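Each chain is listed here by its residues.
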Amino acid sequence: MTAHLLPLLMIGGLTSAGVYLLLERNLTRMLLGLLLIGNAVNLLILTVGGDAGNPPIRGRTSDGQSTTADPLAQGMILTAIVISMGIAAFVLALAYRSYQLTTIEDVETDPETARVAEGADVDDDLPDVVPSRDTDEPDELDALPGAEGSR
C-alpha cells in the first residue's frame, strides 16, 4: 500500500485551518472550522479506503480492475456529509438567534468560567461535609413515602 503525498498534505492543511477557525470567538468562523475539519475527515476516510476497483456488485467489472472497491468508506462519507450538514444548520440557527438577541456574533466569556479561571475562592462559609438526613424511617426524601408496609 502506498500513501500519496498530496491527499495527506490536503488533510493536514484542512485540519490545521479548521482548528485555527474553531479557536476564534465568532460563530461563523467556528462553523467554517467545523466544516473544514469534517471535509478533512472525509478525505482521510476516502484515502484510507484504498485504491479504486471494480464496483461492489456481482458480475460487474470496470476497466479490467482485479480487486473490488470497498463500499464501506463511501457509505461512511455519505453519512458524515449528512451529519455535517445537520450540524451546520444547527450552528447557523444558533448564530442567527444570537445575532437577533444581541446584535453581535461573538461568543462572550461566561462570568462563571472567568471566575474559575482566575482561581477565585468558593464561599468559605459552607461546611466541608453535608450531613445526611436520610434514615431508615420513611420520610419526604423517600421515593415512595408511606410504602413502609411493602418491605
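Definitions and cut-offs
- By convention here, each chain's residues receive numbers from 1 onward along its written sequence.
- Totals for whole chains, interfaces and linings use all residues, but because this is a predicted model, local features are given only for residues with pLDDT of at least 70 and pairs of side-chain atoms are given and counted only at 80 or more.
- Processing note: side-chain calculations cover all non-hydrogen atoms of the structure and skip hydrogens and water entirely.
- Helix and strand labels come from DSSP, where a helix needs a run of H or I of at least four residues and a strand needs a run of E of at least two; each type is numbered from the N terminus.
- For every residue, the accessible area (1.4 Å probe, protein chains only) is compared with the maximum for its type, and the residue is labelled buried under 20%, exposed over 50%, or partly exposed between those bounds.
- Whether two residues touch is decided by their heavy atoms; if any such pair falls within 4.5 Å, the residues are in contact.
- Surface accessibility follows the Shrake-Rupley procedure with a 1.4 Å probe radius. Residue values consider only the protein chains on display as shielding.
- All axes are obtained by fitting lines to C-alpha atoms, using only the stretch in contact for helices, and the reported angles, taken between N-to-C directions, cover 0 to 180 degrees.
- Comment on the angle field: the value is read as roughly parallel under 35 degrees, roughly antiparallel over 145, roughly perpendicular from 65 to 115, and oblique elsewhere.
- Side-chain classes are defined by residue name, with Ala, Val, Leu, Ile, Met, Phe, Trp, Tyr, Cys and Pro counting as nonpolar, Asp, Glu, Lys and Arg as charged, and the others, Gly among them, as polar.
- Take a side-chain nitrogen of Lys or Arg and a carboxyl oxygen of Asp or Glu: if they are within 4 Å of each other, that pair is a salt bridge.

Q: Please provide a residue-by-residue account of the overall build of the chain, values included.
A: When helices and strands are tallied, the chain shows four helices and zero strands. Ordered by position in the sequence, the α and β elements of the chain form the string α-α-α-α. Counting across all 151 residues of the chain, residues that qualify as buried make up 13%. Within the chain, residue pairs in contact and separated by at least 24 positions form 45% of the contacts whose partners lie at least 6 positions apart. Counting every atom, the chain has about 12,100 Å² of accessible surface; 62% of that belongs to carbon and sulfur.

Q: Explain the packing of helix 2 (residues 27-48) against helix 3 (residues 71-102) to me, and be specific about the residues and the numbers.
A: Interaxial distance between helix 2 and helix 3 falls to 10 Å at its minimum, and their mutual angle equals 180 degrees. One element, helix 2, and the other, helix 3, form an angle in the roughly antiparallel class. Looking at the contact of helix 2 with helix 3 residue by residue, the class counts come to 18 nonpolar, three polar and no charged.

Q: So what about the pattern of salt bridges? Which residues, and what values?
A: Within this structure, the stated rule accounts for two salt bridges. Notably, a salt bridge pairs glutamate 24 with arginine 29, separated by 3.6 Å at the nearest N-O pair. Since its relative accessible area comes to 40%, arginine 29 is described here as partly exposed. Residues arginine 115 and glutamate 112 are paired through a salt bridge, measuring 2.6 Å at the closest nitrogen-oxygen approach. Of the two residues, arginine 115 and glutamate 112 both sit in helix 4 (residues 111-118), three residues apart, roughly one turn of that helix. Under the relative-accessibility criterion, arginine 115 is labelled partly exposed at 30%. Looking at glutamate 112, the relative accessible area reads 43%, which means it is partly exposed.

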